[in-house]
Amino acid sequence: MYDLVIKNGTIVTAADTYSAEIGIKDGKIATIGTGLEASDTIDATGKLVLPGGIEAHCHIAQESATGGMTADDYRSGSISAAFGGNSCFVPFAAQHRNMGVIETLDLYDSRAQGASVIDYGYHLIVADPTEKVLAEELPEAFRRGVTSFKVFMTYDLMKIDDRQFLDILSIAKENGALTMVHAENSGMIAWMSERLVEAGHTQPRYHAVSHPALAESEAINRAISLAKLVDAPLLIVHVSTPEGAALVSDARMAGAKIFGETCAQYLFLTRDDLDRPGMEGAKFMCSPPLRDSATQEALWRHLQAGTFSVFSSDHAPYRFDESGKLAKGPDATFKQIANGMPGIALRLPLLFSEGVAKGRITLQQFAALSASNAAKLYGLSSKGSIAIGMDADIAIWDPKESRTVKVEDQHDNMDYTPFEGWTVTGWPVTVLTRGARVIDGGALVAEPGHGQYVARDKIDLTGYPGHRAAELDPATNFGARIMPETRS
Ligand code: DUC
Ligand code: ZN
Ligand code: ZN
Ligand code: ZN
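On a predicted model such as this, the values are computed, not experimentally measured, just so you know. (Residues numbered from 1 in each chain as written. Chains lettered and ligands numbered in written order. Predicted model: local features only at pLDDT ≥ 70, side-chain atom pairs only at ≥ 80, totals over all residues. Heavy atoms only, no water.)

Please explain the pattern of salt bridges as it appears in this structure.
Any two side chains of opposite charge can pair, on the condition that their charged atoms come close. Here the structure, examined in full by the defined rule, presents 26 salt bridges. For aspartate 109, the salt bridge goes to arginine 144, with nearest N and O atoms at 2.9 Å. Placement of the pair is aspartate 109 in helix α2 (residues 101–112) and arginine 144 in the loop between α3 (131–143) and β13 (148–152), with a sequence separation of 35 residues. Owing to a relative accessible area of 16%, aspartate 109 belongs among the buried residues under this scheme. With relative accessibility at 23%, the residue arginine 144 sits in the partly exposed group. Salt-bridge contacts for lysine 383 lead to aspartate 393; the nearest nitrogen and oxygen are separated by 2.8 Å. One end of the pair, lysine 383, is in the loop between α12 (363–377) and β18 (394–404); the other, aspartate 393, is in the loop between α12 and β18, with 10 residues separating them in the sequence. For the pair shown, lysine 383 and aspartate 393 are each scored as buried. In the salt-bridge network here, residues are joined through shared partners; they are Lys28, Asp119, Lys383, Asp391, Asp393 and Arg434. (Salt bridge = Lys/Arg side-chain N within 4 Å of Asp/Glu carboxyl O. Helix = DSSP H or I, 4+ residues; strand = E, 2+ residues; numbered from the N terminus. Buried < 20%, exposed > 50% of the residue type's maximum accessible area, 1.4 Å probe, protein only.)

Next up, the structure:
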């Protein structure tokens, strides 16, 4: 006897589409079969039964280096994510300068515990890689199940230099963690911004001008070179240009352990949105910035061809008021406006509508991009698929339901959505985290605190030959042992 059976639905995984019933017991998928009996049933007639989404890039209860706080906390952020078909998310825990890493994780634990309606973990942002952080705290973070570290190549108060980057890549590699990078050339952006502002070009549209495509491709190329030197895995987050995507794709073809992520806004919006009247364009400011429609097409090709393992929202919620985008007043320059836009509830509906319903990607690709790939890459080994023994993290989709996007249906703490008025086809109607309904028939039914912290495992790099720099190989460098072997 199961606790819950999902009947009459079409199961979709990254591998298959088929009809069967799912029997859930103690929060796990206990069986997949027919004629199952349970005390509780979900009738999924006409619906698709998918792995619950895993949102792997979002900013929740995170303060920036200059002190601004995101509008969403773990309660509102997780609720919005759940309405968008997610059963789990992995926001960032941001170390700032003069802060320890363990202190940072404790702080985020205090923000998330008892607040989230879906399961969660954190990627650790490393902004101050002191000796102690490198030698003691990163391995300790890894033991706590924080198995991915993010670094910045830009932003004065966050960026690390190439040498620090190599230190972090090597420690991550030694522990089995994945390094993630925000790759943009800081000098190019500073140089462009200074000249634009001096010439009085301060409106939001110049944000895109100040972040040239070359700033992204230069930094991605450098980041990949650093990762190759030490043969460490690296994921380039929010790739926004075809040039950047091609660098990721070439490195993957060469066997390097390089992964790529792109985000909804780069497929669905263009920099024309930054040119809206008054300060409206500020709603569309994110970094890297929105590009053009040719870029959108190229990024779709890369998504179809498998360059991007992860597709995320980069939900970075700053309200269109004095608490967020307009903190520096209505005449702020683009340099003074917080970077980021909301979208955690729309990542999957937009991908389904524009991707699956329009025939650009298969249901299998949708399942892979919603959950399965992120689960594998980020060590969420009990999540991301529908299989016996896995957590019963499930999203039930009505592929026919059409909706018009409205800010009040996002269930976040935001006062706008960049997608207001869009029509989307395909909607997640029921979401389970560990077998319990979080969203049921389109309504929130879970309590804050239902979501639990998930300690993650090391990254699985099977199938990546890697790249061994001759100068680091004792066989060809006169026997010098520069790096420890990877722990297994
Ligand atoms: N980087 C992110 O990952 N998100 C928002 C803004 C930024 O610079
Ligand atoms: Zn970033
Ligand atoms: Zn982000
Ligand atoms: Zn509502």
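For this particular structure, what's the right way to read the packing of helix α8 (residues 242–253) against helix α10 (residues 293–305)?
Geometry of a packed helix pair, given as the angle between the helix axes and the separation of the axes. One way to put it is that α8 packs onto α10 with a least axis distance of 9 Å and a crossing angle of 20 degrees. Relative to α10, the element α8 is oriented roughly parallel. The way α8 lies across α10 gives a crossing that is left-handed. On the side of α8, the interface is formed by Pro242, Ala245, Ala246 and Ser249, while α10 contributes Thr295, Ala298, Leu299 and His302. Across the contact of α8 with α10, the residue classes tally to 5 nonpolar, 3 polar and no charged. (Axes fitted to C-alpha atoms, helices over the stretch in contact; angles between N-to-C directions. Parallel < 35°, antiparallel > 145°, perpendicular 65-115°, else oblique. Left-handed = near helix turned anticlockwise from the far one by under 90°. Contact = heavy atoms within 4.5 Å. Nonpolar A, V, L, I, M, F, W, Y, C, P; charged D, E, K, R; others polar.)

Looking at this model, I keep getting lost on the sheet that holds strand β3 (residues 17–19). Mind explaining?
By definition, the strands of a sheet pair up through backbone hydrogen bonds, in either a parallel or an antiparallel sense. An order of β3-β2-β7-β18-β19-β20-β21 is seen for the 7 strands of this open sheet, with the pairing classed as mixed. One side of each edge strand has no neighbouring strand; the edge strands of this open sheet are β3 and β21 (443–444). Note: strand β20 (residues 436–440) against β21, 2 bridges, orientation antiparallel. Across the sheet, residue aspartate 440 finds its bridge partner in β21, namely alanine 443. Along the sheet face, α12 touches β2 (10–12), β3, β7 (48–51) and β18 and points at about 40 degrees away from the line of β7. (Pairing = 2+ DSSP bridges.)

Would you take a moment to explain the site of ligand 1 for this structure?
The environment of ligand 1 is formed by His57, His59, Lys150, Tyr155, His182, His238, Ser287, Asp314, Ala316 and Asn339. A distance of 3.0 Å separates an oxygen atom of ligand 1 from a polar atom in the side chain of histidine 57. Here the residues of the shell around ligand 1 are counted per class, giving 2 nonpolar, 6 polar and 2 charged. (Near = heavy atom within 4 Å. Polar contact = N/O pair within 3.5 Å; in protein donor to acceptor, adjacent residues only side chain to side chain.)

I would appreciate a short explanation of the UniProt feature "modified residue: N6-carboxylysine" (unreviewed entry) in the chain in the present structure.
When the UniProt feature table is mapped onto this chain numbering, "modified residue: N6-carboxylysine" (unreviewed entry) sits at Lys150. Within the secondary structure, lysine 150 sits in strand β13. Excluding residues that lie within four positions of it along the chain, lysine 150 makes contacts with His57, His59, Phe92, Leu124, Ile125, Val126, Met180, His182, Val237 and His238. (UniProt positions renumbered as here; feature names shortened; annotations may be inferred.)

Just to check I follow, could you spell out the environment of glycine 449 for this structure?
Counting through the fold element by element, glycine 449 comes out in the segment after β21. Given a relative accessible area of 24%, glycine 449 falls into the partly exposed group. For the pair glycine 449 and glycine 84, spaced 365 residues apart in the sequence, the C-alpha separation amounts to 19 Å. Those residues in contact with glycine 449 that lie beyond four places of it in its chain are Gly114, Ala115 and Ser116.

Looking at this structure, how should I read the coordination of the zinc ion (ligand 3)?
Distances from the zinc ion (ligand 3) to its protein donors, namely His57 (NE2), His59 (NE2) and Asp314 (OD), fall within the range 1.9 to 2.0 Å. Counting gaps between the donor residues of the zinc ion (ligand 3) yields the pattern H-x1-H-x254-D. A separation of 4.3 Å is found between the zinc ion (ligand 3) and the zinc ion (ligand 2). A residue pair is termed long-range when its members are at least 10 positions apart, and histidine 57 in the loop between β8 (53–55) and α1 (74–83) and aspartate 314 in the loop between β17 (308–312) and α11 (347–356) qualify at 257 residues. (Donors = N, O, S within 2.8 Å, 3.2 Å for Na, K, Ca; no water.)

Looking at this structure, I do not really get unusual backbone geometry. What am I missing?
When glycine is set aside, most residues are seen to have a negative phi, and most peptide bonds are trans. The amide bond that connects serine 287 to the next residue, proline 288, takes the cis arrangement and shows omega of -5 degrees. Structurally, proline 288 is set in the loop between α9 (264–268) and α10. Here the phi dihedral of tyrosine 155 falls at roughly 80 degrees; this positive angle occurs in a residue that is not glycine. Look at tyrosine 155 and you get partly exposed, because its relative accessible area is 31%. A positive phi angle, near 30 degrees, is found at histidine 238, a position not held by glycine. Inspection of the secondary structure puts histidine 238 in the loop between β15 (234–236) and α8.

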